[in-house]
Amino acid sequence: MGLHVLLASTALKTISVTGLWVIPLLLGALTYHNYSSYDPEAKVLDKEPRREYDFIVVGGGSAGAVVANRLTEVKDWNLLLLETGPDENEITDVPSLAGYLQLTKLDWQYKTEPTPYACLGFKNHRCSWPRGKVLGGSSVLNYMIYVRGNRFDFDQWESFGNPGWGYRDVLKYFIKSEDNRNPYLSKSQYHGRGGYLTVQEAPWRTPLVAAFVEAGVEIGYENRDINGAVQTGFMIAQGTIRRGSRCSTAKAFLRPVRTRRNLDISLNSQVTKVLINPITMKAYGVEFVKHGQKRVVFAKKEVILSAGAINSPQLLMLSGIGPKDHLREVGINVLKDLAVGENLQDHVGVGGLTFLVDKPVAIVQNRFQAFPVTMNYVINERGPMTTLGGLEGIAFVNTKYANSSGLWPDIQFHMAPASFSSDNGQIVRKILGLTDEVYDTVYKPIANKDAWTIMPLLLRPNTRGYVKLKSSNPFDYPIMNPRYHEDRLDVNRLVEGIKIALKVANASPFKQFGSRLYMKPLPNCKQFKFMSDEYIECQVRTISMTIYHQSGTTKMGPSWDKKAVVDPRLRVYGINGLRVIDASVMPTIVSGNTNAAVIMIGEKGADMIKQDWLSHNR
């Protein structure tokens, strides 16, 4: 109200001096201010934290945004959300520019440890691990694909000793979040309408994705809703977009409730430690750094870590919770000996499987004129800029190693109407970290040519990696080793996945485009016969691409599970008032893109907190 009075006062003074012509301008300013106040997509306010709150949520990403929204539905509770990064910007809204956000200030820019088993085509044999350092977390950097996982994933979680986490229990939380705007899906019993998170197909696509789905049907799979009753099959990708723009969890869950009086959001605030009373073993607050100043804030009820599968275990270890030998090695006093940082899992894929076409049907950067394409996006919310980071098709297929039922596929396909060099080497090679030898030899010769790609990814890896501290300094990046391809079966599954991808590409729907396999061998694999099993294995180990799905590092499990860090209600074992709610609690990684499952974990976790505290109060 004070601002309205100030504007009105200024208006009267200005009118008396300069005349009536300024009235429309001032009315416009007032209208804009009022609109901004009630616009459900207006940016959040960066507030100065108070001394104490009921709840502190660390991390405003895919889970943290959901938790903050749902807990502040209880008007008697107040909550502080601490996010290391800034808010989103105009570029993050544009789906096709997903790759351009990597290697910026919105990205943690992590790298895996060098390995002789994988990432051989990348500089120093290290894979890039982009993670969102921004309000909305990795839902701001990801490619927006909406895949929930397989029903057997969640039933397996429950079978491990985690009651309430079976598919029949978690489905309602997927539906609760969702506002599905595809007419042919919105009335399905498996989908929701009216939730905070908008899900729909991109409004623009190439004809190649239709051929991809038709090819899948030709080789024996169904075109189906992969988030419905059965996952196995082919589908045009569903994405978290709204009116042609990215729908991050910040946009979906935080912006509509940013005016709640019991919600404070502090940006550019990096938490460095959870405060724990060593006598009572109760978490009572956090230390954080904002604008270079170290600060402390206290929690009356709980501290909730939603910092993701890298930063949540890092924070626990910095706070004295983790493997005792490792903590002592880096000079941290041990409060609780738990298997924090272990059980790291990720979906690793095979990149570079490229097919050339004779018709101008793919995404080629030089073909699109910037001004008309941009105007079509801004005015009509359509056009190539609405594509899901360049991904158009999704499939789940079974190799010979898959579950005999055929209902729990072991390989996922991402189909893209582009190649590594469709952007003429400007972005993709840099964000992947491809060596100059690999790019110049294999991909530079087809720069700006029409091409498309299938990327097979391994859904349930046998290998388990780890996250460890480099030191006791909270600003040192942790050590991350996913141990890609150290298990022989993981490699064998991906080899078979590429063989199925070749069957898809050779199917008749692609013949109309003159589609054919690009047969330039990788320089370090040319000693093998092209596309023999030995060559494919070499490609699997050379172009080992993360799908950005790190998980499992604070494993959920029963008390008798020695690797468990949190119980089935996501409470850290041995520490009162401390939970973890994010991808790191997954006992096993879900079969598919993880963002939807993390949002579900946020929904269910918030519900459990309400149940625990409200029933306690009663």
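Residues numbered from 1 in each chain as written. Predicted model: local features only at pLDDT ≥ 70, side-chain atom pairs only at ≥ 80, totals over all residues. Heavy atoms only, no water.

Draft legend 1. Broad picture of the pattern of salt bridges. If you walk through the whole model with that rule in mind, you get 38 salt bridges. Residues Arg-243 and Glu-41 are paired through a salt bridge, measuring 3.2 Å at the closest nitrogen-oxygen approach. You can see Arg-243 sitting in the loop between strand S8 (241-242) and strand S9 (245-246) and its partner Glu-41 sitting in the loop between helix H2 (23-38) and strand S1 (52-58), a full 202 residues away along the chain. Between Asp-612 and Arg-579 there is a salt bridge, and its shortest N-O distance comes to 2.8 Å. Linking Asp-612 in helix H15 (residues 595-617) with Arg-579 in strand S25 (residues 578-580), this pair joins segments that are 33 residues apart in sequence. Accessibility classification places Asp-612 together with Arg-579 in one group, the buried group. When salt bridges that share partners are traced, they join Arg-70, Glu-73, Lys-176, Glu-603 and Lys-610 into one network. (Salt bridge = Lys/Arg side-chain N within 4 Å of Asp/Glu carboxyl O. Helix = DSSP H or I, 4+ residues; strand = E, 2+ residues; numbered from the N terminus. Buried < 20%, exposed > 50% of the residue type's maximum accessible area, 1.4 Å probe, protein only.)

Draft legend 2. View of the domain arrangement of the protein chain. What the domain assignment lists for the protein chain is domain 1 (52-87 + 251-308 + 310-343 + 552-615) and domain 2 (95-130 + 203-236 + 346-464 + 479-546). The C-alpha centroid of domain 2 is placed 33 Å from the C-alpha centroid of domain 1. Contacts between domain 1 and domain 2 engage 13 residues on the former and 17 residues on the latter. Buried surface at the junction of domain 1 and domain 2, both sides included, amounts to about 1,100 Å², of which 59% is carbon and sulfur. Taken as a group, Ile-310, Ile-589 and Ser-591 account for 46% of the area that domain 1 buries against domain 2, more than any other trio of residues on that side. Summed over the shared surface of domain 1 and domain 2, the number is 0 salt bridges. Connecting domain 1 to domain 2 are 8 residue pairs in polar contact (both at pLDDT 80 or more). For the side of domain 1 that touches domain 2, the residue count by class is 4 nonpolar, 9 polar and no charged. (Domains from an automatic or database assignment. Contact = heavy atoms within 4.5 Å. Buried area = accessible area lost by both parts, 1.4 Å probe. Polar contact = N/O pair within 3.5 Å; in protein donor to acceptor, adjacent residues only side chain to side chain. Nonpolar A, V, L, I, M, F, W, Y, C, P; charged D, E, K, R; others polar.)

Draft legend 3. Focus on the state of the cysteines. For the structure on display, the rule yields 2 disulfides. In this model, Cys-119 is linked to Cys-127 through a disulfide, with the two sulfur atoms separated by 2.1 Å. As the torsion about the S-S bond is roughly -105 degrees, the Cys-119-Cys-127 disulfide counts as left-handed. The residues Cys-119 and Cys-127 share a single accessibility class, namely buried. One disulfide in the model links Cys-525 with Cys-538; its S-S distance is 2.0 Å. The S-S bond linking Cys-525 to Cys-538 shows a torsion near -80 degrees; that makes this disulfide left-handed. (Disulfide = S-S within 2.5 Å.)

Draft legend 4. Spatial organisation of the packing of helix H4 (residues 151-159) against helix H5 (residues 167-177). At a minimum axis distance of 8 Å, the contact between H4 and H5 shows a crossing angle of 125 degrees. Here H4 is positioned oblique relative to H5, judged by the angle of their axes. Contacts from Arg-151, Phe-154, Asp-155 and Glu-158 in H4 reach Tyr-167, Arg-168, Asp-169, Val-170 and Phe-174 in H5. A breakdown of the residues in the contact of H4 with H5 according to their chemical character gives 4 nonpolar, no polar and 5 charged. (Axes fitted to C-alpha atoms, helices over the stretch in contact; angles between N-to-C directions. Parallel < 35°, antiparallel > 145°, perpendicular 65-115°, else oblique.)

Draft legend 5. Structural view of the UniProt feature "domain: Glucose-methanol-choline oxidoreductase N-terminal" (unreviewed entry) in the protein chain. UniProt's feature table lists "domain: Glucose-methanol-choline oxidoreductase N-terminal" (unreviewed entry) at residues 132-155 and 308-322, given in the numbering used throughout. Helix and strand shares over residues 132-155 are 21% and 0% respectively, and the end C-alpha atoms of the span are 29 Å apart. For residues 308-322, the helix share is 73%, the strand share is 13%, and the end-to-end C-alpha distance is 16 Å. (UniProt positions renumbered as here; feature names shortened; annotations may be inferred.)

Draft legend 6. Region of interest: helix H13 (residues 488-505). Helix length check: H13 (18 residues) gives 26 Å between terminal C-alpha atoms against 26 Å at 1.5 Å per residue, within 8%. Most of H13 sits out of view: 14 of its 18 residues are buried. Backbone nitrogen of Leu-489 and a side-chain oxygen of the N-cap are separated by 2.9 Å at the start of H13; the cap is Asp-487. (Expected span 1.5 Å × (residues − 1).)

Draft legend 7. View of the UniProt feature "binding site: FAD" (unreviewed entry) in the protein chain. UniProt records the feature "binding site: FAD" (unreviewed entry) for Val-134 and Val-271 in the present numbering. In sequence the annotated residues extend across 138 residues, while in space they remain close, none of their C-alpha pairs exceeding 13.8 Å. Tracing the backbone through its elements, the reader meets Val-134 in the loop between strand S4 (128-129) and H4. Val-134 gets classed as buried once you look at its relative accessible area, which sits at 0%. When near neighbours in sequence (up to four residues on either side) are disregarded, Val-134 contacts Gly-60, Glu-83, Gly-85, Pro-86, Asp-87, Glu-88, Leu-106, Val-140 and Leu-141. With respect to the element layout, Val-271 can be found in strand S11 (residues 269-277). Beyond its immediate chain neighbours, meaning those up to four positions away, Val-271 contacts Val-58, Leu-82, Val-286, Glu-287, Phe-288 and Leu-315.

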